[in-house]
Every structure is written in C-alpha cells, then in structure tokens.
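Below, each chain spelled out in residue letters.
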Amino acid sequence: MMIQIEKTDCLYILITTILYLIILSGIWVVYAERLKRIWMKIKMYNRLKARKKALKPESRVELHLRKILSISLTKPIEPIVFLRFTVIVFLLVLLIGVQNVSLASSFLMAALISAMPYLLLRVRIEIIRRKSSYEGERLISEFLSQYRMADLNIYKTIEQVILVSEDTKISGKLLFKLLIELRNTGNPKLIKEATERFSYGINTNWSRMLANCIRISSLNGTNVTLALEDILIQLREARQLFEERRRLNSESARMVVFLAPVMFIGTIVISVKYLGIPFGKVMRNQFYTEQGFLMILIIIFLFLLNLALIEIITNQRFDY
C-alpha cells in the first residue's frame, strides 16, 4: 500500500512538471521576441550605467586612496571597497560600543579602530618611498643605458630595466605596474595619471622628473637622454649630502620602536610584582573596562602615528 502511494505521488509530480514545462514553452514561443527585446534593453541599460560610472570623475578622496592602495598593496582593491570596509568597521564598533560604554567613548573607539587600516597603509607607503628613493642612482643609470641601447624606445627601455636590474626591486615593481598601464592605453590623460602614480609611490624630485620624461617620451617619442643625464648628475651630487645626513643619530626612532612597548610591558610587570595586583585583574581592567580599553586603543593609535611620523621626518628619502 505504501509503495502504491509513493508511485502515485511520483506520477503526480512528473505530470505537474511536464505541464509546467509545456506552459513555459508555450509562453516562450508566443513571447520570445518580446522577451529578447526586454533582455537586450536590460543589458543595454547596464552597459550604459557601467559606462556612465566609468566616465564619472573620481573624488579627491577616491583618487588619493587609489594611489595609496595601488602602491602599498600587491593586489590593490578599489577605493570604494576600502571606504565601505572602513564605514562597516566604524558602524560595527560603534553599535557594539554603545551597548557597553557611553556614546562619546564608543564613537572615539570606532574612529580609532576604523582609522588604523589607513594609518597602516600610510606607514607601509612611507617605508616603500624611503627604500625606493635609495635606488634612484642605480635606477636612473640603468634606465639611461637601456634607453640608449633600445634606440630611444621608452617601452622597451622600461621592460629591459625591469628584467636586467637586480638592485631596484621596489622601484622595479612600480615600473612594472607603470608599464602595464602604459601598454593598455594611448589616452594622454590616463598616461599622465599612470606616471603620476609612479612618482607618487617614490615621492621624490628625481622620480617626478623621471615620470615626466617617461610621459613625454611615450606620448611624443621625444628624446629625453639629456634630461636623464641631468637627473643622474644631480643624484650623484646629492649622494654626498645624503652620506652626511645619514650620520645623524636615530634615537627618536629607537625610542618609538623599542622603548614604548618595553615601557608598556614594564608597567604591567611593576603592577603585578611590586603593587601586588593579580595579572588576571590587570588584563581585565585593561581590556574589559571602558577606560582601560579606550586607553589601549589610544596607545596603539599613537604608536602607529609616531611610526608614520618617524618614517616621514627622521628617515628622509634620498633626493636632491
């Protein structure tokens, strides 16, 4: 009896499915042309929408983030994605914080935590700039040699510099990204933006002059040999000044990198060993109370900010 019921149910489902397929086939036969036109209109609308979005100029914030993300990340993401991520982190921390602490404290916590990814990117980009600036003399020298060997072909020159030069790893990566962008476009505006991103990654006078030489040569085929020779001469003169500046002490950098964490750990050791406060209570007061958690966030934020300032001020880039 049970088997008979199951067979009846299966037969009912099969017949229902066939009937629905027949109805859908009939609708397709009758309205096929109309449905195709509607589908084409939807595709055309989406294309126009995407094209309009592509032609829409980016805001200053998006342009700034695009430069930072393209240089500091191996696989850069879109600025709008980074902004959405930052806003989501801010709102999540704010919503969680409001349930446990005051609105002002939760807002401050959310602002500090959501600002940390950008601050880390700034620290990374300053490290990249400083290291790549030291490659200037070798890069320009190799660039000038390959430019002459390539019969003034700027694209072949960049390709050969990337392949041959072993002492320009960071600037070589920036040149590789620039070469890809140059070969994918012939638009003067896009070429200008690509060369500006390259110079922004190093952020020195010699990188801006090199980027300008690449732009002029790629657009007009102009011979920029004299300009490259001038950059190389000025870099060799700047080497002497750089060696003198390098002898300056770096106590401030050591204080930020080593002394600040040691002092923080030292306060915990003193609290446990000399004040007799249990280690668990110290951790609980530090991370599970409003004042303690806000304090540790401020410490981390100021520590990262100091690292960024140290990279900008103390470890100055090699330039003229």
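For the structure itself, consult the block above.
Below is a summary of the structure that appears in this document.

Parameters at a glance
- Residues numbered from 1 in each chain as written.
- Predicted model: local features only at pLDDT ≥ 70, side-chain atom pairs only at ≥ 80, totals over all residues.
- Heavy atoms only, no water.
- Helix = DSSP H or I, 4+ residues; strand = E, 2+ residues; numbered from the N terminus.
- Expected span 1.5 Å × (residues − 1).
- Buried < 20%, exposed > 50% of the residue type's maximum accessible area, 1.4 Å probe, protein only.
- Contact = heavy atoms within 4.5 Å.
- Core = buried A, V, L, I, M, F, W, Y, C linked by side-chain atoms within 4.5 Å.
- Phe/Tyr/Trp six-rings, centres within 6.5 Å; stacked < 30°, edge-to-face > 60°.
- Lys NZ or Arg CZ within 6 Å of the ring centre and 35° of its normal.
- Patch = residues over 30% accessible without salt bridge, like charges linked within 9 Å, V, L, I, M, F, W, Y side chains within 5 Å.
- Areas by Shrake-Rupley, 256 points an atom, 1.4 Å probe, with all protein chains shown as cover.
- Salt bridge = Lys/Arg side-chain N within 4 Å of Asp/Glu carboxyl O.
- Lys, Arg positive; Asp, Glu negative; His and termini not counted.
- Charge placed at Lys NZ, Arg CZ, Asp CG, Glu CD.
- Polar contact = N/O pair within 3.5 Å; in protein donor to acceptor, adjacent residues only side chain to side chain.

## Some points on helix α2 (residues 60-72)
For α2, spanning 13 residues, the distance from its first C-alpha to its last is 18 Å, which sits close to the expected 18 Å at 1.5 Å a residue. Of the residues making up α2, those classed as buried are Leu 65, Ile 68, Leu 69, Ser 70, Ile 71 and Ser 72. Residues of α2 that are buried make contact with α3 (79-98), α4 (103-133), α7 (169-183) and α8 (188-202).

## With respect to the nonpolar core
In this structure, Leu 210, Ile 214 and Leu 228 are the most contacted members of the largest nonpolar core, which totals 36 residues. Elements represented by at least two residues in this core include exactly α2, α4, α5 (136-149), α6 (154-164), α7, α8, α9 (205-220) and α10 (225-246). Ranked by size, the runner-up nonpolar core spans 13 residues in total, among them Val 89, Val 101, Leu 112 and Leu 119.

## A closer look at the packing of aromatic side chains
In total, this model carries one aromatic pair according to the counting rule given. Relative to Phe 107, the ring of Phe 90 lies with its centre 5.4 Å away and its plane at 90°, an arrangement referred to as edge-to-face. Of this pair, Phe 90 sits in helix α3 while Phe 107 sits in helix α4, placing them 17 residues apart in sequence. With relative accessibility at 47%, the residue Phe 107 sits in the partly exposed group. Its end group placed over the ring of Tyr 200, Arg 129 keeps NZ or CZ at 4.4 Å from the ring centre.

## Structural notes on the environment of Lys 169
Within the secondary structure layout, Lys 169 lies in helix α7. On the accessibility criterion, Lys 169 (63% relative accessible area) is exposed. On a C-alpha basis, the gap between Lys 169 and Leu 139 in space is 9.9 Å, while along the polypeptide they are 30 residues apart.

## Some thoughts on a positive patch on the surface
A surface patch of like charges, here positive, comprises Arg 124, Lys 131, Lys 169 and Lys 173. Elements supplying a minimum of two residues to the positive patch: α4 and α7. Following the sequence through the fold, Lys 131 ends up in helix α4.

## Overview of unusual backbone geometry
A negative phi angle is the norm for most residues apart from glycine, just as the trans form is the norm for most peptide bonds. Of note in this structure, Asp 151 is not a glycine but carries a positive phi near 55°. Assignment of secondary structure puts Asp 151 in the loop between α5 and α6. Residue Asp 151 is classed as exposed on the basis of its relative accessible area of 67%. Unlike most non-glycine residues, Leu 152 shows phi in positive territory, near 65°. Topologically, Leu 152 is positioned in the loop between α5 and α6.

## Concerning the side chain of Ser 218
Assignment of secondary structure puts Ser 218 in helix α9. Within the structure, Ser 218 has its side chain in polar contact with the backbone oxygen of Arg 215 (distance 3.0 Å). The residues touching Ser 218, leaving out its near neighbours within four places in the chain, are Ile 154, Tyr 155 and Ile 191.

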